[in-house]
Amino acid sequence: MILIALKMLSGDRAKYLGIVMGLTFAALIITQQSAIFVGLMIRTYSLVSDTPQADIWVMDPYVRYIDDVKPIPMNDLYKVRSVSGVDWAVPYYKGMIKAYLPDGNIQQCILIGVDDASLIGGPYQMKEGKLMNLKMPDGIIIDNFGREFKLAYRKDPKIDKLTQLGMGSVFELNDKRAKVVGICDITRTFQNQPIIYTTFSRALQYAPPERKQLNYVLVKAKDPEQAEALCEKITKQTGLAAYTKKQFSNLTMDYYLKHTGIPVNFGIVVVLGFVIGVAVAGQTFYNFTLDHLKFLGTFKAMGASNKLLFKLTVIQSLVVGSIGWGLGIGLASLLGIFLNNTMLSFRLPWELMLFSLCSILFICFLSALISIYKIFKLEPAIVFKS
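Reading guide: rules and limits
- Residues numbered from 1 in each chain as written.
- Predicted model: local features only at pLDDT ≥ 70, side-chain atom pairs only at ≥ 80, totals over all residues.
- Heavy atoms only, no water.
- Axes fitted to C-alpha atoms, helices over the stretch in contact; angles between N-to-C directions.
- Helix = DSSP H or I, 4+ residues; strand = E, 2+ residues; numbered from the N terminus.
- Parallel < 35°, antiparallel > 145°, perpendicular 65-115°, else oblique.
- Left-handed = near helix turned anticlockwise from the far one by under 90°.
- Contact = heavy atoms within 4.5 Å.
- Nonpolar A, V, L, I, M, F, W, Y, C, P; charged D, E, K, R; others polar.
- pLDDT = per-residue confidence, 0-100.
- Phe/Tyr/Trp six-rings, centres within 6.5 Å; stacked < 30°, edge-to-face > 60°.
- Buried < 20%, exposed > 50% of the residue type's maximum accessible area, 1.4 Å probe, protein only.
- Patch = residues over 30% accessible without salt bridge, like charges linked within 9 Å, V, L, I, M, F, W, Y side chains within 5 Å.
- Areas by Shrake-Rupley, 256 points an atom, 1.4 Å probe, with all protein chains shown as cover.
- Salt bridge = Lys/Arg side-chain N within 4 Å of Asp/Glu carboxyl O.

**Examining the packing of helix H2 (residues 13–44) against helix H11 (residues 306–339)**
- Interhelical geometry of H2 versus H11 gives an angle of 45° and a closest axis separation of 7 Å. Judged by the inter-axis angle, H2 sits oblique to H11. Where H2 crosses over H11, the handedness of that crossing is right-handed. Facing Tyr-16, Ile-19, Val-20, Leu-23, Thr-24, Ala-27, Leu-28, Thr-31 and Gln-32 of H2, the residues of H11 in contact are Val-320, Gly-321, Ile-323, Gly-324, Trp-325, Leu-327, Gly-328, Ile-329, Leu-331, Ala-332 and Leu-335.
- Class assignment for the residues of the contact of H2 with H11 results in 14 nonpolar, six polar and no charged.

**A short note on the confidence of the model for the protein chain**
- Of the residues in the protein chain, 90% have a pLDDT of 70 or more, and the chain-wide mean is 86.
- At the level of individual helices and strands, the protein chain shows its lowest average pLDDT in helix H1 (residues 2–11), which scores 66, and its highest in strand S1 (residues 56–59), which scores 97.

**Some points on the packing of aromatic side chains**
- Enumeration according to the criterion identifies 13 aromatic pairs in this entry.
- Considering the side-chain rings of Tyr-65 and Tyr-255, the 4.0 Å spacing of their centres and the 15° angle between planes classify their relative orientation as stacked. Of this pair, Tyr-65 sits in the loop between S1 and helix H4 (75–81) while Tyr-255 sits in helix H8 (residues 245–259); the two residues are 190 residues apart in sequence, bridging distant segments of the chain. Tyr-255 shares its class with Tyr-65; the two are buried.
- Relative to Phe-248, the ring of Tyr-243 lies with its centre 6.1 Å away and its plane at 5°, an arrangement referred to as stacked.
- Residue classification places Phe-248 among the buried residues on the basis of a relative accessible area of 0%.
- Among the aromatic residues, those joined into a cluster by ring pairs are Trp-57, Tyr-92, Tyr-216, Tyr-243 and Phe-248.

**So, a nonpolar patch on the surface**
- On the surface, a nonpolar cluster with roughly 440 Å² of combined accessible area is contributed by Leu-331, Leu-334, Ile-337 and Phe-338.
- Residue placement: Leu-334 occurs in helix H11.

**Quick look at the packing of H2 against H8**
- Following both chains from N to C, one finds H2 and H8 inclined at 125°, their axes separated by 8 Å at the closest point. Judged by the inter-axis angle, H2 sits oblique to H8. Like other packed secondary-structure pairs, H2 and H8 cross with a definite hand, here right-handed. Two secondary-structure elements touch here, H2 through Phe-37, Met-41 and Thr-44 and H8 through Thr-252, Met-253, Tyr-256 and Leu-257.

See the structure below:
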């Protein structure tokens, strides 16, 4: 019976392809838009994930997300170091700065200052140069994406061709000399702004003068498994906020989810894909059922129960759903490959693939339900009608 049902399904090629294409399009929209949304959320805390050396981030209690920088006194660094259970604690600077490019253009950049002695907090994946080069006079490291796009400049104003900064290139940061001594590969930020790494002391020279210039303290726990307990101890003894990497990432992501329109915008598109899938697949599957009522009536006349016919309908819908989901997820993955080196984010974890599969199967189940009423009310006598 299952084999006959599948032959019935593929016998009408036009409706069969219509159902498959409708589900493919729905799977593509749901998967692609969800993957872009996940990629954007990951970028919100990219600096946290790109600093694997630290177990804990310590900051002002009123910080709401990583870009909500609120400086604290330098003395707080020593308070954190005095807490038992802390293996080491180093300063970390994060701020915005204007880069004056060789052609006179100005680009807003993210300035990161890492510990002068250990260079903890610096980029861990270098494309050119070494992290130790930051100890060179006026040394900075720029990210590869910023170098290729926003930090590129024109040597000749009359020619549109852009020149990329390279090893040894010199430009100005806040009217002070900066020399490129390395190029790194890191996760792009939510704002897609270029990132410039330098030492903490040099970052304070580049940045506008402030009374408080320490933004974060990076902490390594003696026992990483007790990081959450150590966070509570640091907060109690210093009055500062302390979060594990996961907690700080979630805090940042929750802020963007609650205070921006990103979830609503992407949610509308995902729901639209779901509705399109139900409308196209459901209507086409219903018409397919109407065209095959005589065959279903024959099955009933031969003794097939409503339960059996319902199972055959569900199997048919699951088969086209699996094919449509496979094609949709494949197209979404191909788009992800092409979008990998662009400004548009794209992340496709296995959890998202499972969500997409469940959505398509649910669409198929709803499509089957549309046809169930006709099947249950079907009279075997229809076979003998002219």
